[in-house]
Amino acid sequence: MNWALFASDLKDKTYWLPAQLSKEAAETDVHFYLLYWLNVFFFVGIFGLVVYFCVKYRRRTPDQKPLPAPSHNTVLELVWSIIPSLICIGLFYIGFMVYQDLMQPPRETFKINVVGGKWNWEFTYPQTGLLGTSDGPEALPELHVPANIPIELVMTSKDVIHSLYIPVLRTKKDVVPGRYSKLWFNAQIPGTYNIYCAEYCGTSHSEMTAKLVVHENMAKFLEWQKRKEQEIDNKKPVELGEYVWKAKGCRGCHSIDGSTGTGPTFKGLWGMPAEEHKTWKTTGSLTPTKVDENYIRMSINEPNDEVREGFARPSAMPSYKGRLSDKQIAGVIEYLKTLGRDSQPPVKQ
């Protein structure tokens, strides 16, 4: 958990909990506060009686005899059995109603695909194929949604179990490899909020964060979508490759500063002599491999066809076949060339 980001959710919000961004969040809070104050009531009441009885029936003199044990009292036993049972039934009913609201989306929802991976979220809009990212060169993952529209997230993982957690919506759902889980919400207040991974998923788990951006209405959301599409189309190949490296989660495993991660660093990869770059083939042989356009394309689409010596087999990298366009792969290749041994780093515009 990134506590610094979590603290920003609490800023200027309610005393106990982050802001309520949906009706379901408000219902969840009602349940929470009901349980909280009920526990406070019984804790104070029971502890107070314990103290009172200790004082009232304490041994006052050394020769004082103990009082006779109380006899059976049917009325008392009915009271402490029936009242707690009614309270439990009431709590179950309220909790079940809230659970139903959280689990049952409306018939018509705006669907967004979510893929979790070490250690990045990908938000893809199926209608356009657009990737949700922040403005500017950082291209951090962002989930953009219109306010007051039911949103349904169709989620899966490409490696281990993650858990998408949005505190202001009081909603959290596991994201599991090999299957799809769904989560819905209806955000009602425009603004920018934090998203976390709530399932420990590896060394950089605390860095697996994103932003939820709620636009005022659908028109504002479509404006953002159109502007984002134009921004991506206008990128130069190197800029597009850097954008893919940031937005598609490549940077979680492939550094550009020479440091070793789950996968090989991109720094100095392009132009590396074949004798220094040996890969394990599917046949089990270890052979020198030239890093060129064909090798990069193959590594992106079929990462297990050739795994570089010194890294885990099978490769931890999922296949990006069908997830990156030819233009995006070409952009990645051009970006790698700028990180090669004899090249200068890309110049920021």
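What you see is a predicted model, and the numbers here were worked out from it, not measured in a lab.

(A) Region of interest: the packing of aromatic side chains. Tallied over the entire structure, the rule returns 14 aromatic pairs. Ring geometry for F110 against F221: centres 5.4 Å apart, planes inclined by 85°, an arrangement best described as edge-to-face. With F110 in strand 1 (residues 110-117) and F221 in helix 4 (residues 218-233), this residue pair connects regions lying 111 residues apart in the sequence. Between F221 and W224, the ring centres sit 5.7 Å apart and the planes meet at 35°, which makes this aromatic pair tilted. Of this pair, F221 and W224 are both found in helix 4, 3 residues apart, which corresponds to roughly one turn of the helix. By way of ring pairs, the aromatic residues F32, Y33, Y36 and W37 are connected into one cluster.

(B) Spotlight on the nonpolar core. With 57 residues, the main nonpolar core has W121, L143, L153, F185 and L212 as its most contacted residues. Not counting chain neighbours up to four residues away, the residues in contact with L143 comprise I112, F123, Y125, L153, F185, I195, K211, L212 and V213.

(C) Quick look at the sheet that holds strand 9 (residues 191-197). Strand order in this open sheet of 5 strands is 4-10-9-6-7, and the pairing throughout is mixed. If you trace the sheet from one side to the other, it starts and ends with strand 4 (142-146) and strand 7 (171-175), each paired once. Put simply, the sheet's adjacent strands are angled 25° from each other on average, direction ignored. Bridge analysis of strand 4 against strand 10 (residues 210-215) gives 5 bridges, and the strand direction is parallel. Bridged to H144 within strand 10 is V213.

(D) Structural view of unusual backbone geometry. Residue W119 follows K118 across a cis peptide bond; omega there is -10°. Note that the residue after R313, namely P314, is joined by a cis bond; omega there is -5°. Structurally, P314 is set in the loop between strand 13 (306-308) and helix 7 (326-338). Of note in this structure, N148 is not a glycine but carries a positive phi near 60°. As for its position among the elements, N148 is in the loop between strand 4 and strand 5 (151-157). Exposure remark for N148: the relative accessible area of 46% places this residue in the partly exposed category. The phi torsion at R170 lies on the positive side, around 55°, for a residue other than glycine. Along the chain, the position of R170 falls in the loop between strand 6 (162-166) and strand 7.

Basis of the calculations
Residues numbered from 1 in each chain as written. Predicted model: local features only at pLDDT ≥ 70, side-chain atom pairs only at ≥ 80, totals over all residues. Heavy atoms only, no water. Phe/Tyr/Trp six-rings, centres within 6.5 Å; stacked < 30°, edge-to-face > 60°. Helix = DSSP H or I, 4+ residues; strand = E, 2+ residues; numbered from the N terminus. Core = buried A, V, L, I, M, F, W, Y, C linked by side-chain atoms within 4.5 Å. Buried < 20%, exposed > 50% of the residue type's maximum accessible area, 1.4 Å probe, protein only. Contact = heavy atoms within 4.5 Å. Pairing = 2+ DSSP bridges. Axes fitted to C-alpha atoms, helices over the stretch in contact; angles between N-to-C directions.

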